[in-house]
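Observations on the model geometry
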Amino acid sequence: MKEEKVFKDPVHKYIYVQDETIWDLINTKEFQRLRRIRQLGTSYLTFHGAEHSRFSHSLGVYEITRKIISQFERNHYEDWPKEERLLCLCAALLHDLGHGPFSHSIEKAFGTRHEDWSCRIVLGDTEVNEVLSRVSPDFPKKVAGVICKSYSEEIVVSLVSSQLDADRMDYLLRDAYFTGVNYGTFDLERILRVIRPYKGHIVVKESGMHAVEDYLMSRYQMYWQVYFHPVTRSAEILLHKVFARAKHLYDEGYTFGFMVEPILHLIQNRISLEDYLLLDESVMQTMLTFWSQEKDGMLGDMCKRFLDRKLYKYSTFDGEQEQLIQRMEKVMQEVGFDPTYYMEIDFPSNQSYDVYRAGENDDNLPILLLDHKDNLTEITQRSEIVKSISGFQMGKHHVYYPEELLERLNAEDYPDVWEMLGEQD
């Protein structure tokens, strides 16, 4: 590359591109599509500043990975495979390539996984694949292997996907910055100084344990204050209900007043890679706008609620109140709401987030501490702080419902349901 390229970035100040391959990947249409996908999905309805994109996050993950590798190379660590540098950088840059609009709601409604789509884009007939193939014919397969965690070198996968990886470090800092909260801040520079390659693992120098504790506590706080925020969950639930209703209507032979092919093919479970790459949040917002005028009352109503931020209200309840929940479902039907679409029971343990897991598995490689005698110890064996939050599930059961439900209920006729719905945070 003749000249180093630089991106200004609010989190890392500068992002440096030193490889022609990375520059060419950034300029592919598949990567540019990430500008049109929000990083935090529906969180912008809770935190108005959360408008940042998967594009900016992906650049940030690349930059953290680049800094880590530069530190390894400056210190001449023998356990670092230098020939894997470009592979790591490409996988870091492309790790979120398969995210769709409002990704988690779509995945839940249609049973898709963004990791699978990322690999399909890397391996398919795409500009990204063309750029990667210039490195070597088997390079796209290697990049897909790292993203899908099937690559043979654990040390390479760990930089992009582990419990102390570039992905998590960037999204905590970036999400905290754009939501305006302070919970996600931690000493990134300190962590970058104390991690190193050792016997096929990415490990942390024991003296850096406190910096890692700070990082994990930031992750813990961000989950409960941002990612699990009940208003954000309400928006996600409503959006999922919209897709579920659309799928039900299609299965029943309903004729939509407005439909675009990629979404139709998604509903039909036969969406192609070409179709998928046409999906972004501008398409989805247009779809919701037109669906808000659909003759199907429920679909139109739920779309209006989402677009106008008339989200479902929520109340806390005792998780053991199963009979009361069943009664509430019956009551909702009596007052004109279909509980299939206008009610949801939610608890954070239903979500695929963990602050930290001590056990080793394919998805969550543990954080290992390296002491002065070169012994490795899993972090919960040394840190009471990490041990206390490891695998810990905290949170409240919430029931979500339309605000108008309270207006339709007579407290004298339904005292038990009224009492439960009165338990609002």
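Residues numbered from 1 in each chain as written. Predicted model: local features only at pLDDT ≥ 70, side-chain atom pairs only at ≥ 80, totals over all residues. Heavy atoms only, no water.

This paragraph deals with the UniProt feature "domain: HD/PDEase" (unreviewed entry) in the protein. In the UniProt entry, the feature "domain: HD/PDEase" (unreviewed entry) is given for residues 50-181. Annotated as residues 50-181, this span is 67% helix and 0% strand, and its ends, taken at the C-alpha atoms, are 11 Å apart. (UniProt positions renumbered as here; feature names shortened; annotations may be inferred. Helix = DSSP H or I, 4+ residues; strand = E, 2+ residues; numbered from the N terminus.)

Turning our eyes to something else, we now look at the pattern of salt bridges. Counted by the stated rule, this structure contains 22 salt bridges. One salt bridge in this structure joins E189 and K67, with 3.8 Å as the shortest N-O distance. With E189 in helix α11 (residues 188-194) and K67 in helix α3 (residues 54-74), this residue pair connects regions lying 122 residues apart in the sequence. (Salt bridge = Lys/Arg side-chain N within 4 Å of Asp/Glu carboxyl O.)

A separate point is the state of the cysteines. Linking two cysteines covalently via their sulfur atoms produces the bond known as a disulfide. Considering all chains together, one arrives at one disulfide under this definition. With its sulfur 1.9 Å from that of its partner, C119 forms a disulfide with C148. Residues C119 and C148 share a disulfide whose torsion about the S-S bond is about 130°; that sign makes it right-handed. Of this pair, C119 sits in helix α6 (residues 114-123) while C148 sits in the loop between α8 (139-147) and α9 (154-160), and the two are 29 residues apart along the sequence. Residue C119 is classed as buried on the basis of its relative accessible area of 8%. Judged by relative accessible area, C148 falls into the partly exposed class, the value being 33%. In this model C90 remains outside any disulfide bridge; the closest cysteine sulfur is found in C88, 9.6 Å from its own. (Disulfide = S-S within 2.5 Å. Buried < 20%, exposed > 50% of the residue type's maximum accessible area, 1.4 Å probe, protein only.)

So, about the packing of helix α13 (residues 230-251) against helix α16 (residues 281-291). If you want to describe how two helices pack, look at the angle between their axes and the distance between the axes. Relative to each other, α13 and α16 sit at 65°, their axes nearing to 13 Å. The pairing of α13 with α16 is recorded here as roughly perpendicular in orientation. Where α13 crosses over α16, the handedness of that crossing is left-handed. Contact with α13, carried on its side by L239, V242, F243 and A246, involves M284, L288 and W291 of α16 and no other residues of that element. Here the contact of α13 with α16 is composed, by residue class, of seven nonpolar, no polar and no charged. (Axes fitted to C-alpha atoms, helices over the stretch in contact; angles between N-to-C directions. Parallel < 35°, antiparallel > 145°, perpendicular 65-115°, else oblique. Left-handed = near helix turned anticlockwise from the far one by under 90°. Contact = heavy atoms within 4.5 Å. Nonpolar A, V, L, I, M, F, W, Y, C, P; charged D, E, K, R; others polar.)

With five bridges connecting them, strand β1 (residues 5-9) and strand β2 (residues 13-17) associate as antiparallel partners. Residue pairing in the sheet places D9 in a bridge with K13 of β2. Where β1 folds back onto β2 in an antiparallel hairpin, the turn is made up of three residues. (Pairing = 2+ DSSP bridges.)

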